[in-house]
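Coordinate inspection notes
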Amino acid sequence: MKNINKHILFWICYAVYFCSLDWLNFENFNLLDELAYILIHIWIFYSAYWFLKNFSYSTGLATLRSVSRLLLSLGVFALLGYLYYYHFHPYVNPKQVRNLDYRFRIIDGLIWYNQFFFYALGYYYAQRFIRRERDLRLAEEEKKKLLEEKLALEQANHKMEKEKILTEFAYLRAQINPHFLHNTLNFFYAKSLHCSQELSEGILTLSNVMRYSLQNEEDGNGLVLLSKETEHLQNLIRINQLRYNNKLQIVFTVNGDATDVRIIPLVLITLVENSFKHGELSDSRHPLAIRLNIDQEKKLIAFHVHNKKKKGPKELSNGIGLDNTRRRLEWVYKDNYRFHIRDEEDFYTTELILPVLTASGNTAGSGNDQKIIYYA
């Protein structure tokens, strides 16, 4: 529509210019006669442009079609000139006598046709040049955009590789002392058997926790058995119960069949440790609620942790544990997980939804539901 308006404006300006010249130079000026000439000029221009736009010599048939279009344009122009000069002009402008000699009319018509044909030729190539320059500019902009996206992707990959190396380095560095501590705990356990059953039980539980952290039970996809993670959570609860003289109010519920179900390691325990650190766990009316549901029909694992907030001074927290958990979930599950945190005035809730995966990375088969309730 914008181009059509430009064309209309141009031809209006041309008509004003053409009529003004004839009005100044000829005594027998007739507006209808002038408009008829202008309409013929417009037709020559656009018929020539149509010929040039569709011109092709790629094959013999294409060349024949192009020549036919040119002959059609000339034929229609000749017909329009004949009808106007010999039939309509005497009625439009009877005061002005035109030269009706056929030879003169043909030469005059060819001059006008060639003039506006070259106008159309210039417009056609100017349009092609402008369009080519625009396409080149857009191509350069697209190339620049792709290069910027490639650079950003390379930087993101470089950053991810760097974080991965730093994480692996920190993991290797953290294993130096735990090996020594694990062996020492086994020694303490053996020595404490004859002293205190509660002490020996605590040392053994802590030793199991350390052994699970040190042993590499991950498969090729970086996953561990969900049953091992559950056992690890129970050991964590036992240690904290011993630490607080069995006064913590905790309900740990597991629903569903976890046989051969796998998960990334040490994610669930991070959410529970956060509750031990910031939660009020001695209130029997609001115990720490931990629920693990394995829904074989929907192929989902739902892990829910709900605790009452501790009153008074809070332990400082930098949020590294939860941030690290999010990154690990993104690396393994991509967008196929949900992690929600609801931070209320008196309560804190975390919920993690994961797909049920087996050792091969496929969805686990259905099994009979089992219900284990751990209450401490």
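See the structure shown above.
Below, the structure is looked at part by part. (Residues numbered from 1 in each chain as written. Predicted model: local features only at pLDDT ≥ 70, side-chain atom pairs only at ≥ 80, totals over all residues. Heavy atoms only, no water.)

So, on to the side chain of threonine 349. With respect to the helices, strands and loops of the structure, threonine 349 is situated in strand E7 (residues 347-355). What makes threonine 349 buried here is its relative accessible area of 3%. Side chain to side chain, threonine 349 and histidine 306 meet in a polar contact 2.7 Å long. (Helix = DSSP H or I, 4+ residues; strand = E, 2+ residues; numbered from the N terminus. Buried < 20%, exposed > 50% of the residue type's maximum accessible area, 1.4 Å probe, protein only. Polar contact = N/O pair within 3.5 Å; in protein donor to acceptor, adjacent residues only side chain to side chain.)

Summed over all chains, the structure comprises 12 aromatic pairs. Judged by centre distance (5.1 Å) and plane angle (75°), the ring pair of phenylalanine 10 and tryptophan 11 falls under edge-to-face. Note on tryptophan 11 and tyrosine 46: the rings are 6.1 Å apart at their centroids and 55° apart in plane angle, and the pair reads as tilted. Highlighted residues: tryptophan 11 in helix H1 (residues 2-25) and tyrosine 46 in helix H2 (residues 31-53), separated in sequence by 35 residues. Accessibility expressed as a relative area gives 10% for tryptophan 11, which makes it buried. Taking the relative accessible area as the measure of exposure, tyrosine 46 reaches 30% and is therefore partly exposed. Aromatic rings pair up to connect Phe10, Trp11, Tyr14, Phe45, Tyr46, Tyr49, Phe116, Tyr119, Tyr123, Tyr124 and Tyr125 into one cluster. (Phe/Tyr/Trp six-rings, centres within 6.5 Å; stacked < 30°, edge-to-face > 60°.)

Here we come to the pairing of strand E5 (residues 300-308). Pairing analysis gives 7 bridges linking strand E4 (residues 288-295) to E5, with the strands arranged antiparallel. Bridging across to E5, isoleucine 290 finds its partner in valine 305. Counting the residues in the hairpin turn of E4 and E5 gives 4 residues, including lysine 299, whose phi is positive at 60°. With 9 bridges connecting them, E5 and E7 associate as antiparallel partners. Considered in E7, the bridge of isoleucine 301 is made with leucine 354. (Pairing = 2+ DSSP bridges.)

This part is about the nonpolar core. In this structure, Leu226, Phe276, Ile290, Phe303, Leu329, Tyr333 and Leu352 are the most contacted members of the largest nonpolar core, which totals 39 residues. Counting residues per element, the ones that place at least two in this core are helix H7 (226-243), strand E2 (250-255), helix H8 (268-278), E4, E5, helix H9 (320-333) and E7. Top contributing element to this core by residue count: H8, with 5 residues. Excluding anything up to four places from it in sequence, phenylalanine 276 contacts Leu236, Ile237, Asn240, Leu248, Ile250, Leu281 and Leu288. Formed by 22 residues, the second largest nonpolar core is a distinct cluster that contains Ile38, Leu52, Tyr84 and Ala120. (Core = buried A, V, L, I, M, F, W, Y, C linked by side-chain atoms within 4.5 Å. Contact = heavy atoms within 4.5 Å.)

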